[in-house]
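Residue strings, one per chain:
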Amino acid sequence: MTARILALHLAVLAALFAAQFVLPSYHVTSLARIMVLAVFAMGYNIAFGYTGLLSLGHALFFAAGMYGAGLPALHFGVGGGTALILGLLAGGALAGAAGLLALRTAGVSFMIVTLMFAQAGYLTILYFAEYTRGNDGFPVPATARSLFGFALSGDRMRYMTALLLFSAAMLACLALVRSRFGRIMVAMRENEERSRMLGYNPYAVKLTALAISGLYAGLAGAAYALLFGYAGASFAGIQYSILPLLYVLTGGAGTVLGPLVGTAVMFWLTDIASGLTSAWLMVVGVALVALTLFAPRGMLGLIRERWAKWLP
Amino acid sequence: MSFGPFLLLALMEGMVMAAVLALTAVGLSLVFGTMRVVNVAHGEFFMLGAVIAWFVADHLGGAAWMNFAVALVVAPLVVAAIAVLADRLVLRRLNYEPEATIVATIGLLYILQQAALSLFGPDARPVPAPFELRLQLPWFGWSGYKVFVILAAGAILLAVWFLMTRTRAGLIMRATQIDRDTARAFGIDTDKVYALVFGLGAGLAALGAVLVVPIQQAHYLMGGDPLLLSFIVVIIGGLGSIRGTLVAALVIGLSDGVIAMFYTATLAKILATLLVALVLVFRPQGLFGAKA
Amino acid sequence: MTRTITTPDQTVLTRRKVVKGIGAGLIASAAMPGYVQAQAAPLKLGFQVHRTGIGASYGRWYERVANSALKVVNEGGGIAGRAVEIVFEDDGTDPKRGAEVVEKLVSQHKVDLIFGPLFSHVVIGSAPRAGELKVPYLVCSEGNHVASGLTNRWTLQPGITDVRSQVQAMAPWVAQNLGKKITMIYPDYAFGHDHRDSFEPAIKAQGGEVIAKIGIPATETSFTRYFAQIPRETEVIYHVMIGPSVLTFVKELGEFYGTGARPEIFGFIDSLEGVDMTAPGLGFLEGTHFWEGQCRYKQADATDAETFYRAAVGVDDNGASLADPKDVSTYAHMFSVWETLFVIKAGIEASGYQTTADRQKFVEAIEAMTAFDFGREHPQGEKIFNGKTHQAFGIQNISKVTDGKLIRVHRTTIGDGLYPDQVDYTTQSF
């Protein structure tokens with residue numbers, strides 16, 4: 001069974017590798033975007049899908065990564081590798097700090113508290129506009145847009161970097177959810193009381209899960225800034241908290257590949273709809289409603305339920 | 001401006017904000033309280049109410065107070081009908097499962113927003129107040145209509161409170177809220193109750209919008225702000241507690257107004273936001289909710 | 001890099017100025033439209049439009065103006081003898097989507113170049129991608145970000161004066177006619193900060209002073225309490241606001257002062273762009289002043305070019321749509337789309353642009369331009385163009401609200417708005 005799981009995920013990675021040679025160039029770049037956003041969604045899935053933490057504040061952690069990488073690059077000229085690591089850490093640290101407070105609440109209150117934190121973060125970016133360039137944002141300097149001497153603005157290098165980050169994130173996620181800790185996370189989601197009685201500390205487990213989730217979001221934010229060359233406050237807005245939720249629910253909460261599927265489906269749905277009609281919001285809206293009605297566990301959730309019980 | 005009038009103005013504006021908050025939140029509080037449904041599209045019902053008020057004013061072309069009176073009746077009815085339809089077609093089929101409802105109402109949000117954009121257009125449009133009255137104080141002038149909004153908000157809250165605590169309908173709603181299965185066992189058609197509550201919540205949002213729109217403007221993106229704020233009010237106030245909603249609206253409205261006096265505006269918003277978050281962290285059941 | 005300065009009077013055919021040094025062949029192709037005509041495929045221009053999101057009320061008019069200008073261009077024989085088409089893509093007024101749209105227009109629609117965006121965060125978010133794809137990106141955004149060096153060699157702003165210049169040009173008139181103690185009210189983010197940071201030194205140079213700066217958060221929908229912070233000794237209120245709440249902002253300003261004594265009021269028309277001046281509650285604006293890029297109301301001395309443009313974009317004498325008098329245009333800004341299309345025409349014809357391989361030549365041809373003559377192609381007025389900073393500089397208008405209409409009382413000179421170069425893009429690589 002483990003072999004089957006591993007084979008499936010490696011096949012997905014191989015397909016993503018091959019895609020860059022097959023797809024037209026527009027979709028290659030789109031796929032690079034999708035992979036980075038899927039890392040974000042994967043992080044969200046660790047908190048929401050596996051641990052049951054419905055956060056509406058993940059834009060804060062994504063933005064932490066984006067600015068954690070972008071600001072040192074802008075003001076101190078740090079290189080790409082350092083910026084990426086700083087972004088990753090910023091996301092994790094902020095998620096940990098927010099979790100310390102927010103995890104004292106649960107359910108809808110948790111949702112609102114995380115939302116308020118994210119809103120405060122967004123306003124903070126605007127408040128320190130002198131350093132962050134506020135709502136306008138800034139193009140990430142070329143010095144930070146290279147890794148090991150390769151320019152990230154080149155299409156091939158960008159795609160490969162996105163793929164590399166995505167692969168690492170996905171394999172780590174797979175390892176995490178199949179580990180002992182992963183099962184404890186799910187236990188928190190299913191029945192917090194019972195797992196407490198079994199001797200686990202729910203607060204510590206959830207805090208760890210949220211911090212890991214923040215690391216993912218931070219990595220994604222940093223990668224987005226470096227690969228696509230722009231950091232701006234709009235990425236800290238509430239819609240970037242809703243997006244990963246949407247991606248995860250579309251693809252299937254609590255599945256390793258769900259975030260990728262959900263991100264890709266939503267990305268292309270929006271893209272195609274906006275090409276066909278100016279009323280593309282309507283198309284997305286109807287799709288969401290239809291999804292909840294006819295595939296409430298998300299696409300992969302449906303597949304797992306019907307055909308492939310072994311899907312992690 | 002010297003400190004006294006400055007404080008007076010901040011308090012008056014804070015009261016208006018509290019009234020607007022209470023108006024947008026009371027419907028959400030009902031829905032949230034009774035159905036435990038997180039309706040992300042609530043702000044869009046508010047927006048629809050404002051847009052309908054504009055259509056009425058624009059197409060009827062009568063006196064401002066007449067248009068206002070018509071909108072006061074038409075907007076809540078139309079919006080409530082849309083909400084009942086959404087409940088029947090979507091929410092009930094989802095069995096009001098929390099996560100599915102969130103996604104479905106996000107979908108609904110997009111649908112309503114796009115419908116407003118397509119039919120109403122992207123511009124912000126003014127709706128005349130039913131009466132033009134400016135209060136000229138020694139230090140500054142103030143819109144007399146704002147006083148009316150405060151009074152109307154109070155009246156509506158009172159009416160909802162009366163409905164919930166003094167009528168049979170309210171009794172049924174509270175019964176359904178406390179224990180849906182038992183209520184059903186006692187012969188209450190809970191499906192019908194849910195549909196009506198959802199419609200009532202949306203209608204109240206629309207009603208609030210008709211009242212508020214003369215001091216703001218109708219715009220297809222205007223639903224985002226009330227949504228956020230009314231969630232905060234409802235949670236801080238405690239689920240389904242009308243009294244809590246009122247107090248929370250006052251606390252948030254006034255603190256927002258007064259904090260803005262001492263700090264630059266953006267910093268004030270940051271502080272107010274964090275303050276609300278911390279209230280929730282240290283009193284998660286809200287100010288007036290029972291301990292969960 | 002070949003770049004030669006021309007004298008302002010050099011005119012090639014269509015009242016535009018083109019550098020001599022680029023080569024006789026190029027001039028020849030420009031001078032002979034129709035010479036590649038027969039089987040040449042149409043020229044495809046990409047347009048990044050704010051159809052949804054907070055920029056939508058501008059975007060709708062920008063799209064209309066683009067289509068009107070396109071009609072005029074095609075009826076006049078196209079560009080370099082080729083028919084022209086425009087592909088519009090909605091960017092949702094979002095920088096992320098903006099960059100994707102640039103990508104989509106270039107890679108999927110295979111456009112020759114891109115123009116049109118207004119909101120500065122969209123421009124700044126999209127410009128890096130345009131630079132990577134090496135596609136000319138002509139923005140209509142007024143922000144100082146092009147001239148300040150924040151963008152790249154492929155990003156140009158030839159159709160409208162930037163905010164820094166506009167604001168600077170206002171200071172002398174404000175100081176001489178309205179007062180010297182100024183309170184500024186502006187949105188507390190980049191666009192507003194451009195105003196704040198440009199106006200303060202400019203008014204100081206005129207012997208004036210900014211005595212209070214009131215930044216209003218982007219998300220605000222109610223404004224009265226901010227007005228309480230206006231100091232009593234204020235002589236002039238300088239206001240600029242943007243977004244869907246602008247009308248509320250102005251109305252509440254009126255309520256706040258009411259019939260009592262009030263300072264002079266000077267605003268950027270952004271605070272009322274796309275809004276009917278006769279909306280209820282705006283009566284107090286009578287006698288106040290506004291900056292306008294182009295005058296919304298048809299002025300008594302309107303020129304032929306202005307009249308032609310107004311009719312072509314379907315706008316009546318009050319600045320509203322001919323089809324619906326309640327549909328007020330974004331008249332003060334939207335000329336930038338029209339003028340940008342004609343700069344594109346001039347650039348393509350001057351560079352001898354044939355295929356996407358000639359994109360660099362196109363940018364170089366624009367960089368070589370130094371001025372645009374007033375006329376049907378530039379109905380807002382003459383402009384000078386700085387090839388180093390990629391920025392155009394033009395005349396600004398100050399209008400006074402008189403009987404509910406905006407009547408121009410002052411025209412600045414181009415010189416009023418000039419400032420030292422902040423960047424030299426021509427030294428950057430392509």
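Residues numbered from 1 in each chain as written. Chains lettered and ligands numbered in written order. Predicted model: local features only at pLDDT ≥ 70, side-chain atom pairs only at ≥ 80, totals over all residues. Heavy atoms only, no water.

Q: Give a detailed account of the overall build of chain B, specifying residues and quantitative values.
A: Within chain B one finds eleven helices and two strands. For chain B, the succession of helices and strands along the chain, N to C, is α-α-α-α-β-β-α-α-α-α-α-α-α. Its C-alpha atoms give chain B a radius of gyration of 19 Å, within 12% of the compact-globule value 19 Å for 292 residues. Expressed as lengths along the three principal axes of its C-alpha atoms, the size of chain B is roughly 65 × 50 × 35 Å. Across the 292 residues in chain B, those meeting the buried criterion constitute 60%. (Helix = DSSP H or I, 4+ residues; strand = E, 2+ residues; numbered from the N terminus. Rg over C-alpha atoms; globule rule 2.2 N^0.38 Å. Buried < 20%, exposed > 50% of the residue type's maximum accessible area, 1.4 Å probe, protein only.)

Q: Break down the overall build of chain C for me, citing the residues and quoting the values.
A: Along chain C, the regular secondary structure elements total eleven helices and 15 strands. The C-alpha atoms of chain C give a radius of gyration of 21 Å, which matches the 22 Å a tight globule of 430 residues would have. When the backbone C-alpha atoms are referred to their principal axes, chain C occupies close to 70 × 45 × 45 Å. Of the roughly 13300 Å² of accessible surface on chain C, 51% is carried by carbon and sulfur atoms. (Areas by Shrake-Rupley, 256 points an atom, 1.4 Å probe, with all protein chains shown as cover.)

Q: How would you explain the pattern of salt bridges if you had to name every residue and give the values?
A: Using the criterion set out here, one finds 34 salt bridges over all chains in the structure. Between Glu252 of chain C and Lys146 of chain B there is a salt bridge, with the nearest N and O atoms lying 3.5 Å from each other. Here Glu252 of chain C is found in helix H8 (residues 246–257), whereas its partner Lys146 of chain B is found in helix H5 (residues 144–166) on a different chain. Residue classification places Lys146 of chain B among the buried positions, given a relative accessible area of 2%. With a closest N to O distance of 3.2 Å, Arg64 of chain C and Asp327 of chain C form a salt bridge. Here the residue Arg64 of chain C occupies a position in helix H2 (residues 56–75), and Asp327 of chain C occupies one in the loop between helix H9 (304–312) and helix H10 (331–351), the gap between them amounting to 263 residues. Taking relative accessible area as the criterion, Arg64 of chain C reaches 30% and is therefore assigned partly exposed. Residue classification places Asp327 of chain C among the buried positions, given a relative accessible area of 7%. Among the ionic contacts, a cluster of salt bridges with common partners joins Arg145, Asp155 and Arg158 of chain A together with Glu103, Arg129 and Glu132 of chain C. (Salt bridge = Lys/Arg side-chain N within 4 Å of Asp/Glu carboxyl O.)

Q: Tell me about unusual backbone geometry, and please be specific about residues and values.
A: Backbone geometry at Phe148 of chain A places phi at a positive 50°, although glycine is not the residue there. Within the secondary structure, Phe148 of chain A is located in the loop between strand E2 (146–147) and strand E3 (150–151). Notably, Lys110 of chain C is not glycine yet its phi reads approximately 55°, a positive angle. Among the structural elements, Lys110 of chain C can be located in the loop between helix H3 (95–108) and strand E3 (113–115). Lys110 of chain C gets classed as exposed once you look at its relative accessible area, which sits at 56%.

Q: Lay out the interface of chain C and chain B in plain terms, naming residues and giving numbers.
A: With 37 residues of chain C in contact, the opposing surface of chain B contributes 33 residues. Contact between chain C and chain B buries roughly 2900 Å² in total, counting both sides, with carbon and sulfur atoms accounting for 51%. Remark: the boundary between chain C and chain B carries two salt bridges. Joining chain C to chain B, the criterion identifies eight residue pairs in polar contact (both at pLDDT 80 or more). Looking at the side of chain C that touches chain B residue by residue, the class counts come to 13 nonpolar, 14 polar and ten charged. (Contact = heavy atoms within 4.5 Å. Buried area = accessible area lost by both parts, 1.4 Å probe. Polar contact = N/O pair within 3.5 Å; in protein donor to acceptor, adjacent residues only side chain to side chain. Nonpolar A, V, L, I, M, F, W, Y, C, P; charged D, E, K, R; others polar.)

Q: Please set out the sheet that holds strand E5 (residues 155–161) of chain C residue by residue, giving values where relevant.
A: All names here are of chain C. Strands sit in the order E2-E1-E3-E4-E5-E13-E12-E11 across an open sheet of eight strands; the sheet is mixed. Across the chains shown, the open sheet's two edge strands, defined by having one partner strand only, are strand E2 (84–90) and strand E11 (371–372). For strand E12 (residues 383–386) and strand E13 (residues 391–394), the ladder comprises four bridges, and the chain directions are antiparallel. Counted as the bridge partner of Lys383 is Gly394 from E13. (Pairing = 2+ DSSP bridges.)

Q: Can you break down the interface of chain B and chain A residue by residue, with the values?
A: The partner chain A presents 36 residues to the 39 residues of chain B that form the contact. Across the chain B to chain A interface the summed buried area is about 3300 Å²; carbon plus sulfur atoms make up 85%. Area buried by chain B at its contact with chain A is led by Val103, Tyr110 and Gln114 of chain B, which between them contribute 18% of it. Inspection of the chain B/chain A interface yields zero residue pairs in polar contact (both at pLDDT 80 or more). Of all the secondary-structure elements, those providing two or more residues to the side of chain B that touches chain A are helix H3 (64–91), helix H4 (98–120), helix H9 (224–237) and helix H11 (265–282) of chain B. The dominant element in the side of chain B that touches chain A, judged by the number of residues it contributes, is H4 of chain B, at 14 residues. Broken down by class, the residue content of the side of chain B that touches chain A amounts to 28 nonpolar, seven polar and four charged.

Q: Mind laying out the nonpolar core, listing which residues take part and the relevant values?
A: Counting 332 residues, the largest nonpolar core has Leu16 and Phe166 of chain A together with Val174, Phe199, Phe266 and Leu272 of chain C as its most contacted members. At 18 residues, helix H1 (residues 3–35) of chain B tops the list of elements feeding residues into this core. Counting residues in hydrophobic clusters, the runner-up holds 17 residues, among them Leu105, Val106, Ala130 and Tyr425 of chain C. (Core = buried A, V, L, I, M, F, W, Y, C linked by side-chain atoms within 4.5 Å.)

Q: Could you give me a rundown of the pairing of strand E14 (residues 397–402) of chain C, with the residues and numbers involved?
A: All names here are of chain C. Pairing of strand E10 (residues 289–292) with E14, which is carried by four bridges, proceeds in the antiparallel orientation. In the strand pairing of E14, Phe290 is matched with Ser399. Pairing of E14 with strand E15 (residues 405–411) involves six bridges; the strand directions are antiparallel. Each residue of the ladder has a partner; that of Val401, found in E15, is Leu406. Counted along the chain from E14 to the antiparallel partner E15, the turn is two residues long, and its residue Asp403 has a positive phi close to 50°.

Q: I'd like a rundown of the environment of Lys326 of chain C, residues and numbers included.
A: Inspection of the secondary structure assignment puts Lys326 of chain C in the loop between H9 and H10. In sequence terms Lys326 of chain C and Val275 of chain C are 51 residues apart; their C-alpha atoms lie 8.8 Å from each other. At 2.6 Å, the side chain of Lys326 of chain C and the side chain of Asp58 of chain B are in polar contact.

Q: Any chance you could break down the domain arrangement of chain C for me, citing the residues and the numbers?
A: For an interface, size is often stated in terms of accessible area lost upon the parts coming together. Residues and elements named next belong to chain C. In terms of domains, chain C is made up of domain 1 (24–162 + 330–394) and domain 2 (165–300). Using C-alpha coordinates to define each centre, domain 1 is positioned 31 Å away from domain 2. Listed as interface residues are 16 residues of domain 1 and, on the opposing side, 15 residues of domain 2. Put simply, domain 1 and domain 2 have zero salt bridges between them. Joining domain 1 to domain 2, the criterion identifies nine residue pairs in polar contact (both at pLDDT 80 or more). (Domains from an automatic or database assignment.)

Q: Account for the packing of helix H2 (residues 42–60) of chain B against H9 of chain B, with residues named and values stated.
A: Residue and element names in this part refer to chain B. Running from N to C, H2 and H9 point in directions that differ by 130°, and their axes come no closer than 7 Å. One way to sum up the angle between H2 and H9 is to call them oblique. Judged by the twist between their axes, the crossing of H2 over H9 is right-handed. In this structure, H2 contributes His42, Gly43, Glu44 and Phe46 to the contact, and H9 contributes Gly224, Pro226, Leu227 and Ser230. A class-by-class count of the residues in the contact of H2 with H9 yields three nonpolar, four polar and one charged. (Axes fitted to C-alpha atoms, helices over the stretch in contact; angles between N-to-C directions. Parallel < 35°, antiparallel > 145°, perpendicular 65-115°, else oblique. Left-handed = near helix turned anticlockwise from the far one by under 90°.)

Q: Tell me about the environment of Arg184 of chain B, residues and numbers included.
A: Residue and element names in this part refer to chain B. Looking at where Arg184 falls in the secondary structure, it is placed in helix H7 (residues 180–185). Under the relative-accessibility criterion, Arg184 is labelled partly exposed at 39%. In this structure the side chain of Arg184 is engaged in a polar contact, spanning 3.2 Å, whose partner is the side chain of Thr190.

Q: With reference to specific residues and values, describe a nonpolar patch on the surface.
A: Residue and element names in this part refer to chain B. There is a patch of nonpolar side chains on the surface, built from Leu60, Val70, Val73, Val74, Leu77 and Val78 and spanning about 460 Å² of accessible area. Ranked by the residues each element gives to the nonpolar patch, the list is headed by H3, at five residues. Note that Val73 resides in helix H3. (Patch = residues over 30% accessible without salt bridge, like charges linked within 9 Å, V, L, I, M, F, W, Y side chains within 5 Å.)

Q: Which residues make up the side chain of Thr270 of chain A, and what are the values?
A: Topologically, Thr270 of chain A is positioned in helix H12 (residues 258–276). When near neighbours in sequence (up to four residues on either side) are disregarded, Thr270 of chain A contacts Trp280 and Val284 of chain A.

Q: Provide a residue-level description of the sheet that holds strand E8 (residues 236–239) of chain C, including the pertinent values.
A: Residues and elements named next belong to chain C. Reading across from one edge, E7-E6-E8-E9-E10-E14-E15 is the order of the seven strands in this open sheet, with mixed pairing throughout. Each edge of the sheet is formed by a strand with only one pairing partner; in this case those strands are strand E7 (209–216) and E15. Strand-to-strand twist across the sheet, computed as the mean angle between neighbouring axes with direction ignored, equals 25°. Pairing geometry for E8 and strand E9 (residues 264–268), over four bridges, is parallel. Paired with Tyr238 across the strands is Phe266, a residue of E9. Sheet strands in contact with helix H5 (residues 163–177) are strand E6 (181–187), E8, E9, E10, E14 and E15, and its direction is about 160° off that of E9. Helix H6 (residues 190–205) contacts E6, E7, E8 and E9 of the sheet and is inclined by roughly 165° relative to E6.

Q: Any chance you could break down the confidence of the model for chain C for me, citing the residues and the numbers?
A: Considering every residue of chain C, the mean pLDDT works out to 87; 91% of them sit at 70 or more. Note that pLDDT drops below 50 for residues 1–38 of chain C; the model gives that stretch 59 contacts with residues more than four away or on any other chain. (pLDDT = per-residue confidence, 0-100.)

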